Amino acid sequence: KAFDETFKVGEETEAYIFNVFLYNKLSGLPLLPMVILIRFMPEDFAEVFFIAGLAVLGIAFIARMARGILIGLSKKGVSLVHLVLYFCTLEILPIVLGIKFLSEQLV
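In what follows, the accompanying structure is described. Every value quoted in this text rests on a predicted model; they were computed, and no experiment measured them.

The next thing to look at is the overall build of the protein chain. In terms of regular secondary structure, the protein chain is built from 4 helices and 0 strands. Along the protein chain, helices and strands appear, N-terminal first, in the series α-α-α-α. If you line up the protein chain on its principal axes, its C-alpha atoms span 55 × 30 × 20 Å. A burial count over the protein chain gives 19% of its 107 residues as buried. Sequence-distant contacts in the protein chain: of pairs separated by 6 or more residues, those separated by 24 or more amount to 59%. Entry remark: accessible area of the protein chain is about 8400 Å², with carbon and sulfur atoms responsible for 74%. The protein chain carries 9 positive and 10 negative side-chain charges, and their two centres are separated by 8 Å.

Quick look at the packing of aromatic side chains now. With the rule as written, the count across this model stands at 3 aromatic pairs. Summarising the aromatic geometry, the rings of Y16 and Y86 are spaced 6.3 Å apart at their centres and angled 80° between planes, so their arrangement reads as edge-to-face. Residue Y16 is located in helix α2 (residues 10-40), and its partner Y86 is located in helix α4 (residues 80-106); the two are separated by 70 residues in the primary sequence. Given a relative accessible area of 11%, Y16 falls into the buried group. Looking at Y86, the relative accessible area reads 32%, which means it is partly exposed. Consider the rings of Y86 and F87, whose centres lie 5.2 Å apart with planes at 65°: the pair is edge-to-face. What makes F87 buried here is its relative accessible area of 5%. Here the aromatic cluster, defined as three or more aromatic residues joined through ring pairs, consists of Y16, Y86 and F87. The ring of F40 has R39 lying over it, and the distance from NZ or CZ to the ring centre is 5.5 Å.

Conventions and cut-offs
Residues numbered from 1 in each chain as written. Predicted model: local features only at pLDDT ≥ 70, side-chain atom pairs only at ≥ 80, totals over all residues. Heavy atoms only, no water. Helix = DSSP H or I, 4+ residues; strand = E, 2+ residues; numbered from the N terminus. Buried < 20%, exposed > 50% of the residue type's maximum accessible area, 1.4 Å probe, protein only. Contact = heavy atoms within 4.5 Å. Areas by Shrake-Rupley, 256 points an atom, 1.4 Å probe, with all protein chains shown as cover. Lys, Arg positive; Asp, Glu negative; His and termini not counted. Charge placed at Lys NZ, Arg CZ, Asp CG, Glu CD. Phe/Tyr/Trp six-rings, centres within 6.5 Å; stacked < 30°, edge-to-face > 60°. Lys NZ or Arg CZ within 6 Å of the ring centre and 35° of its normal.

Spelled out as structure tokens, the structure:
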């Protein structure tokens, strides 16, 4: 709340959080049947559904980032550089570190 009062971005923050939840829930709709199919399909087909699930997550993530940038740019005085820094540090970096950690654990 203090952040919103200091920078006067309360509406934009609420809109971004709403969009994050919306994209996460919408990406879950096609992922649920894929997870069920992965469990009961032979390994050859399961790999295809796994890759399709990763594609769904990737598309949802890119759409979420694009929507976040549009929401951020709708506020006057917000720099594109600050938005890119935000997305790189708080949205993209944790995913990259998680992938790196998992790839080291699985090898």
